Protein chains: 2
Amino acid sequence: MQLGRLNHVGIAVPDMETALAHWRDVMGARCVHEPIVIERAGLLIRFVDTPADGSMHGTQVELLQPLREDSTVSEFLRANPAGGQHHLCFEVPDIHAAHAWFTQAGKRVLGEPRPGAHGHPIFFVHGDDMGGVLTEILETPKEPQP
Amino acid sequence: MQLGRLNHVGIAVPDMETALAHWRDVMGARCVHEPIVIERAGLLIRFVDTPADGSMHGTQVELLQPLREDSTVSEFLRANPAGGQHHLCFEVPDIHAAHAWFTQAGKRVLGEPRPGAHGHPIFFVHGDDMGGVLTEILETPKEPQP
């Protein structure tokens, strides 16, 4: 496998409005995308663009707020009530080849490929097998992301 | 202030050789830069390039291994022995203007601007004031980074 683009950094936040105020007013973000709700994961998501030289957008910041107590970031937020860096998401050209790669490498792959926040296929690899970094793998979107 | 480029994601690692094996052999990194030692911080650092469409390089991964027990990542590693995401580093055009900005915003700025891993001026802002994200601010290098 060849390391792909760092698509986004996932950041768990206890409250989306507080987080958006921080990223807009303190960090100076100019482009925050529309809210996305992922029912299965119990998450409210907002993507924040960061600039990049020579390309449409750089690595995004993905803000993740739980919508219920058993959301996929709730355990993280119980350990880190202020929020914090939750995962890194790297792109691959072929999600099934990547799934086989990490499985063969003996990593705990968390489920089969499934649609992620933008509908493109993703899966996660357990942080304990990845140097403490919960890692999301995303098949590079064929069209530019919204 | 306007949000700048996400220069790198800092990842604390207990052992650099193990971390490099992971990033090269499992994640497929093709370009790992030469070791940097920051005596003041007690750190051994390796930068890993990630690709970006249309630009020379995307956001880098910065691997940080402590060289002594009072390094700047030692406390983090005591809480997270396997390692993990330690900080995000964003670029600004003017380090002194940014320092004044975060100070005026009531954020705990950790010291005055000083040379970072590549010799360009940086400072950190306390994670507890930044939604749990320890944030490094870097003046955009005038020449491409090595």
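Residues numbered from 1 in each chain as written. Chains lettered and ligands numbered in written order. Predicted model: local features only at pLDDT ≥ 70, side-chain atom pairs only at ≥ 80, totals over all residues. Heavy atoms only, no water.

Student: Can you help me understand the interface of chain A and chain B in this one?
Tutor: Where the parts come together, the accessible area they lose is often given as the size of the interface. Chain A puts 42 residues into the contact, and the matching count from chain B is 42 residues. Taken over both partners, the interface formed by chain A and chain B buries close to 3,400 Å², and the fraction arising from carbon and sulfur atoms is 63%. The largest share of the area that chain A buries against chain B comes from Leu3, Met27 and Gln85 of chain A, three residues that together contribute 21% of it. Our count for the contact surface shared by chain A and chain B stands at zero salt bridges. For the interface between chain A and chain B, the tally reads 11 residue pairs in polar contact (both at pLDDT 80 or more). Every element with two or more residues in the side of chain A that touches chain B is listed here: β1 (6-12), α1 (16-26), β5 (84-92) and α3 (95-104) of chain A. When residues in the side of chain A that touches chain B are grouped by element, the largest group, six residues, is from β5 of chain A. Taken together, the residues that form the side of chain A that touches chain B break down as 19 nonpolar, 16 polar and seven charged. (Contact = heavy atoms within 4.5 Å. Buried area = accessible area lost by both parts, 1.4 Å probe. Salt bridge = Lys/Arg side-chain N within 4 Å of Asp/Glu carboxyl O. Polar contact = N/O pair within 3.5 Å; in protein donor to acceptor, adjacent residues only side chain to side chain. Helix = DSSP H or I, 4+ residues; strand = E, 2+ residues; numbered from the N terminus. Nonpolar A, V, L, I, M, F, W, Y, C, P; charged D, E, K, R; others polar.)

Student: How should I be thinking about the environment of Thr50 of chain A in this particular structure?
Tutor: Along the chain, the position of Thr50 of chain A falls in the loop between β3 (43-48) and β4 (60-66). As a C-alpha pair, Thr50 of chain A and Ala29 of chain A span 21 residues in sequence and 7.3 Å in three-dimensional space. Once you skip the residues sitting within four places of it in the chain, Thr50 of chain A turns out to touch His57, Gly58, Thr59 and Val61 of chain A together with Leu3, Gly4, Leu6 and Phe90 of chain B. Looking at Thr50 of chain A, its side chain comes within polar contact range of the main-chain oxygen of Thr59 of chain A, at 2.5 Å.

Student: Looking at this structure, I do not really get the pattern of salt bridges. What am I missing?
Tutor: Two side chains carrying opposite charge are able to pair once their charged atoms lie near each other. Residue and element names in this part refer to chain B. According to the stated counting rule, one finds eight salt bridges over all chains in the structure shown. Where Arg68 meets Asp70, a salt bridge forms, and the shortest distance between an N and an O atom there is 2.5 Å. For Arg68, a relative accessible area of 35% translates into the label partly exposed. (Buried < 20%, exposed > 50% of the residue type's maximum accessible area, 1.4 Å probe, protein only.)

Student: Can you walk me through helix α1 (residues 16-26) of chain B in this structure?
Tutor: Think of an α-helix as turning once every 3.6 residues; residues three or four places apart then point the same way. Within the span of α1 of chain B, buried status applies to Met16, Ala19, Leu20, His22, Trp23 and Val26 of chain B. Elements in contact with the buried residues of α1 of chain B: β5 and α3 of chain A together with β1 (6-12), β3 (43-48) and β4 (60-66) of chain B.

Student: I keep staring at the sheet that holds strand β2 (residues 36-38) of chain B and nothing clicks. Help me out?
Tutor: Strands belonging to one sheet form pairs held by backbone hydrogen bonds; the direction of such a pair is parallel or antiparallel. Residue and element names in this part refer to chain B. Read across the open sheet, the eight strands follow the order β2-β3-β4-β1-β5-β8-β7-β6; overall the sheet is mixed. Only two strands of the sheet have a single partner each, and these edge strands are β2 and β6 (109-115). With direction set aside, neighbouring strand axes in the sheet form an average angle of 25°. In terms of strand pairing, strand β5 (residues 84-92) meets strand β8 (residues 135-139) through five bridges, oriented parallel. Across the sheet, the residue bridging to Phe90 is Ile137, located in β8. (Pairing = 2+ DSSP bridges. Axes fitted to C-alpha atoms, helices over the stretch in contact; angles between N-to-C directions.)

Student: Would you mind going over the environment of Gly83 of chain B with me for this structure?
Tutor: All names here are of chain B. Of note, Gly83 is situated in the loop between α2 (74-79) and β5. According to the relative accessible area criterion, Gly83 is buried, its value standing at 6%. When the C-alpha positions of Gly83 and Lys142 are compared, they lie 32 Å apart, and in sequence the two are 59 residues distant.

Student: Looking at this structure, I do not really get the packing of aromatic side chains. What am I missing?
Tutor: Both the distance between ring centres and the angle between the ring planes are used here to describe each pair of aromatic rings. Applying the stated criterion to the full structure yields four aromatic pairs over all chains. With 5.7 Å between their ring centres and 70° between their planes, Phe90 of chain A and Trp23 of chain B make a pair best called edge-to-face. With Phe90 of chain A in strand β5 and Trp23 of chain B in helix α1, this pair bridges two chains. Aromatic side chains Phe102 of chain B and Phe123 of chain B sit 6.2 Å apart centroid to centroid with 70° between the ring planes, which places their arrangement in the edge-to-face category. Of this pair, Phe102 of chain B sits in helix α3 (residues 95-104) while Phe123 of chain B sits in strand β7 (residues 121-125), placing them 21 residues apart in sequence. (Phe/Tyr/Trp six-rings, centres within 6.5 Å; stacked < 30°, edge-to-face > 60°.)

Student: Just to check I follow, could you spell out empty space enclosed by the protein for this structure?
Tutor: One simple way to see leftover space: roll a probe sized like a water molecule over the atoms. Scanning the entire structure with this criterion turns up two cavities of 30 Å³ or more. Here the second largest cavity is characterised by a volume of approximately 30 Å³. Taken together, Phe90, Met130, Val133 and Thr135 of chain A together with His22, Trp23 and Met27 of chain B make up the full set of residues lining the second largest cavity. When grouped by side-chain class, the residues that make up the lining of the second largest cavity number five nonpolar, two polar and no charged. (1 Å grid on protein atoms, 1.4 Å probe; cavity = no way out; pocket = protein on both sides within 12 Å on 5 of 7 lines; lining within 4 Å. Points joined across faces, edges and corners; volume = space filled by probe spheres on them.)

Student: Would you mind showing me how to read the sheet that holds strand β8 (residues 135-139) of chain A here?
Tutor: All names here are of chain A. Here eight strands make up an open sheet; going across it, the order is β2-β3-β4-β1-β5-β8-β7-β6 and the pairing mixed. Only two strands of the sheet have a single partner each, and these edge strands are β2 (36-38) and β6 (109-115). Pairwise comparison of adjacent strand axes, ignoring direction, gives a mean angle of 25° for this sheet. Where β2 lies against β3, three bridges are found, and the strand directions are antiparallel. Looking at β3, one finds that Ile38 is bridged to Leu43. Together, β1, β3 and β4 form the strand contacts of α1, whose direction differs from that of β4 by roughly 160°. Of the strands in this sheet, β5, β6, β7 (121-125) and β8 are in contact with α3, which crosses β6 at around 175°.

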